[in-house]
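Here's the letter readout for the chains.
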Amino acid sequence: MKMQDIPRRVHFVGVGGIGMSALAQYLHNSGYKVTGSDKIKSDRTEALVKEGVSVFIGHSEQNVGDAELVVRTSAVHDDNAEVKRALKENVPVVLREQLLGAIFNGFKTRIAVCGTHGKTTVTAMIHQILETCGVSHTALIGGVYHGNNYYFGKDVIVAEACEFNRSFLNLNPSVCVCVNAEYDHPDCYRNEQDVLNAFERFINNTDKDGYVVLPQHLEFLKTDKTRVFYDCDALGDLRLEMGKPVFSVKTRNSKTYPLRLKVLGVHNACNALAAFAVADVLNLPVNKAIEALSEFDGVDRRWTESDGVCKIVRDYAHHPTEIECSLAAAKSVADGKVICLFQPHTYSRTQAFFDRFATCFRQADTVIYLPVYSARETPIDGINSFALAKRARELGVNAMYADSFDQAKNIALGIVRKNDLLLVVGAGDIVGIADSFITV
């Protein structure tokens, strides 16, 4: 599908999703007639309504109306009432990633950010750089940054390239950023090599005269494109001040510049290196790129702080490596203990990383495991958070199990003190529990 193939009347099934809502906003602001539906009301559906998009809560075949194209996610199946109506009436039905490809590939300068973790933050950082440099651009961000997950402009597009179900293969970037490549999505990939093969295929989707931006440790990925490396291991001057990185960035002509971040953690220094490398290959003003990164203050749910019974941090981490990074950041700023509430995301991921979901919490003083957020999956026998907490204790982690949000809240309130840090981690609906500690 190409941009010119998109009809003027488009309906989104599951429009409240972070990726779907951004695409709906793009088409709406481009003059298309857009409607959408979702099973629940959310901040994203409300944002769409405020922009003038008609959003139906609940699914019904009537929601399709006179749509000429229906867009769905992988989580929406052929038995959905709206999809069934579209198929019955021969209305084309496409996946989110197919529409994203049609929009993305139509821009002259196309920046795609892939990686098992960090791609949302790096995408937002690049958006901040482009905005500070005065570059008209569209940004499609996998999280909410400064109130939105979407920014509309011309000339340049920056978007996340998600590896789930190999959906990123729909994109053909002129600048491809790969921040890391670890095993994840065991429901889609057999093993780590399968993941690496997919990432290698994707970076080779880059224009012949384009750029591939990679950390040094991924130099083994094969491509004939121009590669630009950044080296997280070379951050010899890195220091943390109140958990926030202070370090130097280097241009391709080896000039170095000091940079101080507002966001916590060594991992964000690596994210900033990737974003700065993009600014460098686009020949953007270095001083503006530095200014943008120094003012970057993080994406919602990627270390979002609140005050309540103690310092409360919401974090989207749902892979063991991400959790270890979040815990390292927490330990660097906590005055007291670090208490974690963790909701595993999907049964297949919990099964694939069962022991790692125990050992990754070794830096925590206490971790409370909540029931698995199933997302699109059905339960797997023996794979549950009760068994996970038991295994964590066997491996020396101070772990507990809660069978509900209410029980988790009561356990946490019994052990947390004012100078502690409560880290609420997971990609499901666990974010809702954080507010209850603010209002106590």
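Preceding block: the structure.
None of these values were measured; they are calculated from a predicted model. (Residues numbered from 1 in each chain as written. Predicted model: local features only at pLDDT ≥ 70, side-chain atom pairs only at ≥ 80, totals over all residues. Heavy atoms only, no water.)

What follows deals with the side chain of Asp280. Tracing the chain through its elements places Asp280 in helix H7 (residues 266-281). Asp280 gets classed as buried once you look at its relative accessible area, which sits at 14%. Reaching out from Asp280, the side chain makes a polar contact with the backbone nitrogen of Arg252 at a distance of 2.7 Å. Look past the residues within four positions of Asp280 in its chain and what remains in contact with it is Thr251 and Arg252. (Helix = DSSP H or I, 4+ residues; strand = E, 2+ residues; numbered from the N terminus. Buried < 20%, exposed > 50% of the residue type's maximum accessible area, 1.4 Å probe, protein only. Polar contact = N/O pair within 3.5 Å; in protein donor to acceptor, adjacent residues only side chain to side chain. Contact = heavy atoms within 4.5 Å.)

Scanning the model with the defined rule gives 20 salt bridges in all. Notably, a salt bridge pairs Arg9 with Asp66, separated by 2.6 Å at the nearest N-O pair. Of the two residues, Arg9 is situated in strand E1 (residues 9-13) and Asp66 in the loop between strand E3 (54-57) and strand E4 (69-72); the sequence distance between them amounts to 57 residues. The partner of Asp194 in a salt bridge is Arg190, and the shortest N-O contact between them spans 3.7 Å. What makes Asp194 buried here is its relative accessible area of 7%. Note on Arg190: relative accessible area 67%, which makes it exposed. One salt-bridge network, held together by shared partners, links Asp355, Lys390, Arg391 and Glu394. (Salt bridge = Lys/Arg side-chain N within 4 Å of Asp/Glu carboxyl O.)

Our next topic: the packing of helix H5 (residues 119-132) against helix H8 (residues 286-295). Put simply, H5 and H8 touch, their axes get as near as 8 Å, and they point 130° apart. One way to sum up the angle between H5 and H8 is to call them oblique. The two elements H5 and H8 cross, and the hand of that crossing is right-handed. Contact with H5, carried on its side by Met125, Gln128, Ile129 and Thr132, involves Lys288, Ala289, Glu291, Ala292, Leu293 and Glu295 of H8 and no other residues of that element. (Axes fitted to C-alpha atoms, helices over the stretch in contact; angles between N-to-C directions. Parallel < 35°, antiparallel > 145°, perpendicular 65-115°, else oblique. Left-handed = near helix turned anticlockwise from the far one by under 90°.)

Working definition: an aromatic ring pair is given by the centre-to-centre distance plus the angle between the planes. All told, the structure shown has 14 aromatic pairs when counted by the stated rule. Between Tyr145 and Phe296, the ring centres sit 5.2 Å apart and the planes meet at 20°, which makes this aromatic pair stacked. Placement of the pair is Tyr145 in strand E7 (residues 137-145) and Phe296 in the loop between H8 and strand E16 (302-307), with a sequence separation of 151 residues. For the pair Tyr145 and Phe296, one class covers both residues: buried. Here the aromatic rings of Phe386 and Tyr401 are separated by 5.6 Å at their centres, their planes lie at 90°, and the arrangement is edge-to-face. Of this pair, Phe386 sits in helix H12 (residues 385-394) while Tyr401 sits in strand E20 (residues 399-401); the two residues are 15 residues apart in sequence, bridging distant segments of the chain. (Phe/Tyr/Trp six-rings, centres within 6.5 Å; stacked < 30°, edge-to-face > 60°.)

To continue, consider the sheet that holds E20. Judged by pairing direction, the sheet is mixed, and its six strands sit side by side in the order E16-E17-E21-E18-E19-E20 without closing on themselves. At either margin of the open sheet sits one strand with a lone partner, and together these are E16 and E20. Each adjacent strand pair in this sheet contributes to an overall mean axis angle of 20°, direction not counted. Where strand E18 (residues 338-342) lies against strand E21 (residues 421-425), five bridges are found, and the strand directions are parallel. Within E21, the position partnered with Cys340 by the bridge is Leu423. The sheet strands contacting H12 are strand E19 (366-369) and E20, and the helix crosses E20 at an angle near 160°. (Pairing = 2+ DSSP bridges.)

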